[in-house]
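Structure assessment
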Amino acid sequence: ECFVEAGERLGFDKEISRRLVIQTFVGATQLAGESGKTLSELREMVTSPGGTTEAGLAVFADKNLEGLIQEVLEAAHRRGVELGKRV
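Conventions we followed
Per chain, residue numbering runs from 1 following the sequence as it is written. pLDDT decides what is reported in this predicted model: residues at 70 or higher carry local features, side-chain atom pairs at 80 or more are listed and counted, and totals for whole chains, interfaces and linings draw on all residues regardless. Side-chain measures were taken over the full set of non-hydrogen atoms in the model, leaving aside hydrogen atoms and water. Here an axis means a line fitted to C-alpha atoms, over the contact stretch when the element is a helix, while the angle between two N-to-C directions is reported on a 0 to 180 degree scale. Working definition: helices are DSSP H or I runs of at least four residues, strands are E runs of at least two. Numbering for both runs from the N terminus. An angle below 35 degrees is read as roughly parallel, one above 145 as roughly antiparallel, one from 65 to 115 as roughly perpendicular, and any other as oblique. By the definition used in this description, the sense in which the near helix is turned from the far one sets the handedness, with an anticlockwise turn below a right angle giving left-handed and a clockwise turn giving right-handed. Contacts are residue-level and defined by heavy atoms, with any inter-residue pair within 4.5 Å sufficient. Lys, Arg, Asp and Glu make up the charged group, whereas Ala, Val, Leu, Ile, Met, Phe, Trp, Tyr, Cys and Pro make up the nonpolar group; the residues left over, Gly among them, are polar. Here is the rule: rings of Phe, Tyr and Trp (six-membered ring for Trp) pair when centre to centre is within 6.5 Å. Planes less than 30 degrees apart are stacked, more than 60 are edge-to-face, and the remainder are tilted. Take a side-chain nitrogen of Lys or Arg and a carboxyl oxygen of Asp or Glu: if they are within 4 Å of each other, that pair is a salt bridge. Any residue under 20% of the maximum accessible area for its type is buried, any over 50% is exposed, and the rest in between are partly exposed; the area is computed with a 1.4 Å probe on protein chains only.

**As for the packing of helix α1 (residues 2–9) against helix α2 (residues 14–34)**
Remark: α1 packs on α2, axes separated minimally by 8 Å, with the N-to-C direction vectors making an angle of 130 degrees. It follows that α1 is oblique to α2 by the angle criterion. Where α1 crosses over α2, the two elements pack in a sense that is right-handed. Contacts from F3, V4, G7 and E8 in α1 reach K14, S17, R18, V21 and F25 in α2. Looking at side-chain class alone, the contact of α1 with α2 contains four nonpolar, two polar and three charged residues.

See below:
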């Protein structure tokens, strides 16, 4: 959802933005599942020095996306454990 909204803020039509996001994720997950390569290897393959992927990854690193994802998953896990105890 936030990817689609970001595409709209960049000037893409909502439906085109939605399609681009879905196809990007479908393609990435399909390649990850079928390539036999690690996710790190795939990322390295598409990251050209000075390119767009490298620029985006730099923002992720600056904003500590990895840490944020870890916190999100930990919170969801904790809540799942709590909900499981109610059964």
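Further notes follow.
**Section: the packing of aromatic side chains**
By the definition in use, this model includes one aromatic pair. With a centroid separation of 5.2 Å and 80 degrees between ring planes, the pair formed by F3 and F25 is classed as edge-to-face. On the criterion of sequence distance, the pair formed by F3 in helix α1 and F25 in helix α2 is long-range, its members being 22 residues apart.

**A few points about unusual backbone geometry**
Most peptide bonds take the trans configuration, and most residues that are not glycine carry a negative phi. At N64, a residue that is not glycine, the phi angle is positive and equals roughly 55 degrees. If you trace the backbone, N64 turns up in the loop between α4 (52–62) and α5 (65–85).

**Things to note about the pattern of salt bridges**
This structure, assessed with the given rule, holds three salt bridges. Residues E15 and R18 are paired through a salt bridge, measuring 3.4 Å at the closest nitrogen-oxygen approach. Residue E15 and its partner R18 are located together in helix α2, separated by three residues, close to a single helical turn. On the basis of relative accessibility, which here comes to 41%, the residue R18 falls in the partly exposed class. Among the ionic pairs, R19 bridges to E15, the shortest N-O distance being 3.2 Å. Taken as a pair, R19 and E15 lie in helix α2 at a separation of four residues, close to a single helical turn.

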